[in-house]
Amino acid sequence: MASELTKHIYQIVQDIPYGKVATYGQIARLAGNPRAARAVGFAMRNVPDGLCLPCHRVIFQDGSLCTGFAFGDPQIQYQMLKKEGITFDAQGRVRLDRHRYIPGQRDLPVECPIQ
DNA sequence: ATCATGACGTGCG
DNA sequence: CCGCACGCCATGA
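Criteria and cut-off values
- Residues numbered from 1 in each chain as written.
- Chains lettered and ligands numbered in written order.
- Predicted model: local features only at pLDDT ≥ 70, side-chain atom pairs only at ≥ 80, totals over all residues.
- Heavy atoms only, no water.
- Helix = DSSP H or I, 4+ residues; strand = E, 2+ residues; numbered from the N terminus.
- Buried < 20%, exposed > 50% of the residue type's maximum accessible area, 1.4 Å probe, protein only.
- Contact = heavy atoms within 4.5 Å.
- Near = heavy atom within 4 Å.
- Polar contact = N/O pair within 3.5 Å; in protein donor to acceptor, adjacent residues only side chain to side chain.
- Nonpolar A, V, L, I, M, F, W, Y, C, P; charged D, E, K, R; others polar.
- Disulfide = S-S within 2.5 Å.
- Phe/Tyr/Trp six-rings, centres within 6.5 Å; stacked < 30°, edge-to-face > 60°.
- Lys NZ or Arg CZ within 6 Å of the ring centre and 35° of its normal.
- Core = buried A, V, L, I, M, F, W, Y, C linked by side-chain atoms within 4.5 Å.
- Axes fitted to C-alpha atoms, helices over the stretch in contact; angles between N-to-C directions.
- Left-handed = near helix turned anticlockwise from the far one by under 90°.

S.K.: Would you mind showing me how to read the overall build of chain A here?
M.R.: Helices and strands together make up the secondary structure of chain A, namely 5 helices and 2 strands. Ordered by position from the N terminus, the helices and strands of chain A form the series α-β-α-α-β-α-α. In chain A, which comprises 115 residues, the proportion classed as buried is 36%. The long-range share in chain A, meaning contacts at least 24 apart out of those at least 6 apart in sequence, stands at 59%.

S.K.: Looking at this structure, I do not really get the protein's contact with DNA strand C. What am I missing?
M.R.: Near DNA strand C, the surroundings consist of Ala2, Ser3, Leu5, Thr6, Asn33, Arg35, Ala36, Arg38, Ala39, Phe42, Gln91 and Arg93. A breakdown of the atoms of DNA strand C within 4 Å of the protein gives sugar and phosphate a share of 73%. With respect to DNA strand C, the side chain of Arg93 contributes an N or O atom lying 3.1 Å from a phosphate oxygen. Put simply, the parts of the chain that give the surface near DNA strand C at least two residues each are helix H1 (4–14) and helix H3 (37–45). If you tally residues by element for the surface near DNA strand C, the top one is H3, at 3 residues. In terms of residue class, the surface near DNA strand C is built from 5 nonpolar, 4 polar and 3 charged.

S.K.: I keep staring at the state of the cysteines and nothing clicks. Help me out?
M.R.: By definition, a disulfide is the covalent link that joins the sulfur atoms of two cysteine residues. What the rule picks out here adds up to 0 disulfides. The thiol of Cys52 is not disulfide-bonded; the next cysteine sulfur, from Cys55, is found 8.3 Å away.

S.K.: Help me understand the packing of aromatic side chains, please; the structure alone is not making it clear to me.
M.R.: Ring pairs (aromatic) are described by centroid distance and by the angle formed between their planes. Tallied over the full model, the rule gives 2 aromatic pairs. Measuring from ring centre to ring centre gives 4.5 Å for Tyr78 and Phe88, while their planes differ by 40°; the resulting arrangement is tilted. In this pair, Tyr78 sits in helix H4 (residues 74–83) while Phe88 sits in the loop between H4 and helix H5 (96–99), placing the two residues 10 residues apart along the sequence. Sitting over the ring of Phe42, Arg45 keeps its end group 5.5 Å from the ring centre.

S.K.: What is the right way to read the nonpolar core from this model?
M.R.: Taken as a class, soluble globular proteins show a tendency for nonpolar side chains to be buried jointly. Residues Ile9, Val13, Ile16, Ile27, Met44 and Val58 are the most contacted members of the largest nonpolar core, which totals 19 residues. Taken together, the elements giving at least two residues each to this core come down to H1, helix H2 (24–31) and H3. The residues touching Ile16, leaving out its near neighbours within four places in the chain, are Val21, Ala22, Ile27, Pro54, Arg57, Val58 and Tyr101. Core analysis: the next-biggest nonpolar cluster, separate from the first, contains 8 residues, Val21, Leu65, Val94 and Leu96 among them.

S.K.: Please explain the environment of Gln91 as it appears in this structure.
M.R.: Among the structural elements, Gln91 can be located in the loop between H4 and H5. Separated by 2.5 Å, the side chains of Gln91 and Arg93 make a polar contact.

S.K.: Would you explain the packing of H1 against H2 in this entry?
M.R.: In helix packing, the relevant descriptors are the interaxial angle and the interaxial distance, both defined with respect to the helix axes. The geometry of H1 relative to H2 is characterised by a closest axis approach of 9 Å and an angle of 115° between their N-to-C directions. Here H1 and H2 pass one another in a crossing that is right-handed. Contact residues: Leu5, His8, Ile9, Ile12 and Val13 in H1; Ile27, Leu30 and Ala31 in H2. Within the contact of H1 with H2, the residues separate by chemical class into 7 nonpolar, 1 polar and no charged.

Structure below.
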């Protein structure tokens, strides 16, 4: 059975909106354990059947995708993200500064209106 | 209760 | 920018 932290993790991942991505460490922090990034990865690996999670939107802090992805090939995750509108740099890493999921954030990025 | 493992993150060189 | 070592957490034998 999954611990409370794990359940919390699933709940957070489920809230990641379309076209947005979050990092393992970020989720861990949102779940209350900033240092449980690794546990997040473990949680994603043991996702309960019947539960539909956008786990493909969970990536590394540096924007790279996990190697040996469970979907079959890392390419799959890349395709899915790309299809959602996620953009990558020349090095094949996600532009986190542009697609990072932030709870409570409005649709539009809207930078500080300095006026 | 202890040891080893893994879809992580950070610091250094 | 890349690679490596160490630290952290939850899980299973």
